[in-house]
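Each chain, letter by letter, is given below.
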Amino acid sequence: MTTIADPAERLTMGRAEWAMLLALSVLWGGSFLFVGIAVAELPTLTLVWLRVALAALVLWAAVAATGRRLPRAPRVWAAFLGMGLLNNVIPFSLIVAGQQSIASGLASILNATTPLFTVAVAGLLLADERLSRLKLCGVAAGLAGVAVMIGPDALAGLGTNALAQLAVLGGALSYACAAVFGRRFRRMRVDPLVTAAGQVGAATLLLSPAMLIVDRPWTLPMPGAATCAAVLGLAVLSTALAYLLYFRILARAGATSLSLVTFLIPVSAILLGGLVLGERLAPTDFAGMACIALGLAAVDGRIFRR
């Protein structure tokens, strides 16, 4: 099997990358809240289309305002289509569809399998992100930490609504493939902002025919203010800004390190609940955070190598 690698790339996970990863976890953690609000009034494809279309408007406006050069090579635009399919169209549609039948806590746990899939896919295809026992142990510890923090109530639904759960797992696998696929943009020397804009723009084009045929959005009632606000938050914060950070981390730290954000999402959500809403942290929250910290350290590997 041919591996994908660039000898000139040096993947590092320093303080700046960890800070961006934490910020990304907060932005993506909010997406579950936004989707939970908007899905009550908007069908799946319409919600996903609005998410990527509005994000594309924001990102392409930023590209124009900052005067960044657009790529001319056809292979770059073809890669935008592939990235939009793997990182937006498939996972967004599957996860939103799954959330209509299962609780958001269980969806978060299933989504947290992304690093497990990423370690496997990257280990097979990327020469500089080889599979190791330490990485596997780290992913297992992080996944256990997510399950402990979200609690046994969420796991109680495991095994029912099997199709919905498989849909969320399929979204996690697609995210893993996208993280590996997206490594090529650094070798193509495409700016992260242009890459993010190209990806969501491509996703908008890919989704448009299905959304128009299946949902017929012109026949839908006008959504309420809360839904409109949730869609804006989902598009601007959890998509446009999030993917700008996503591609910066991917270029600097690699696919496996980037996938660790799914472990941090429940940590961010619970800490924000304590800071903003005054919610008290339970002992299981601290135990889960400890497992996640151990898992992150194992996948990073530097402490154990010392």
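What counts, and where the lines are drawn
Per chain, residue numbering runs from 1 following the sequence as it is written. Selection of residues for local features in this predicted model requires a pLDDT of at least 70, selection of side-chain atom pairs for listing and counting requires 80 or more, and totals for whole chains, interfaces and linings are taken over all residues. The side-chain figures draw on all heavy atoms in the structure; neither hydrogens nor water molecules are used. Scored between 0 and 100, pLDDT is the confidence that the predictor attaches to each residue. Contacts: residue pairs with any heavy atoms within 4.5 Å of one another. Salt bridges are defined as contacts in which a side-chain nitrogen from Lys or Arg sits within 4 Å of a carboxyl oxygen from Asp or Glu. Secondary structure counts use DSSP, requiring at least four H or I residues in a row for a helix and at least two E residues in a row for a strand, with both numbered from the N terminus. When a residue's accessible area, from a 1.4 Å probe over protein chains only, is under 20% of the maximum for its type it is buried; when over 50% it is exposed; and in between it is partly exposed.

## With respect to the confidence of the model for the protein chain
- On average, residues of the protein chain carry a pLDDT of 81, and 84% of them reach 70 or more.
- Across residues 1–9, where pLDDT falls below 50, the model places 16 contacts with residues more than four positions away in sequence or in other chains.

## Some details on the pattern of salt bridges
- For the coordinates displayed, the defined rule picks out two salt bridges.
- Glu17 is the partner of Arg252 in a salt bridge, and the nearest nitrogen-oxygen pair spans 3.2 Å. Placement of the pair is Arg252 in helix 11 (residues 225–253) and Glu17 in helix 1 (residues 15–38), with a sequence separation of 235 residues.
- Assessed through its relative accessible area of 7%, Glu17 is described here as buried.
- Its salt-bridge partner being Asp191, residue Arg68 comes within 2.8 Å of it at the nearest N-O pair.

## A short note on the environment of Val180
- Position of Val180 relative to the elements: it lies in helix 8 (residues 162–181).
- Overall, Val180 belongs to the buried group, its relative accessible area being 4%.
- Linking Val180 and Leu250, residues 70 residues apart in sequence, is a C-alpha distance of 9.0 Å.
- Leaving out residues up to four positions away in the same chain, Val180 has contacts with Val121, Ala122, Leu125, Leu126 and Ala255.

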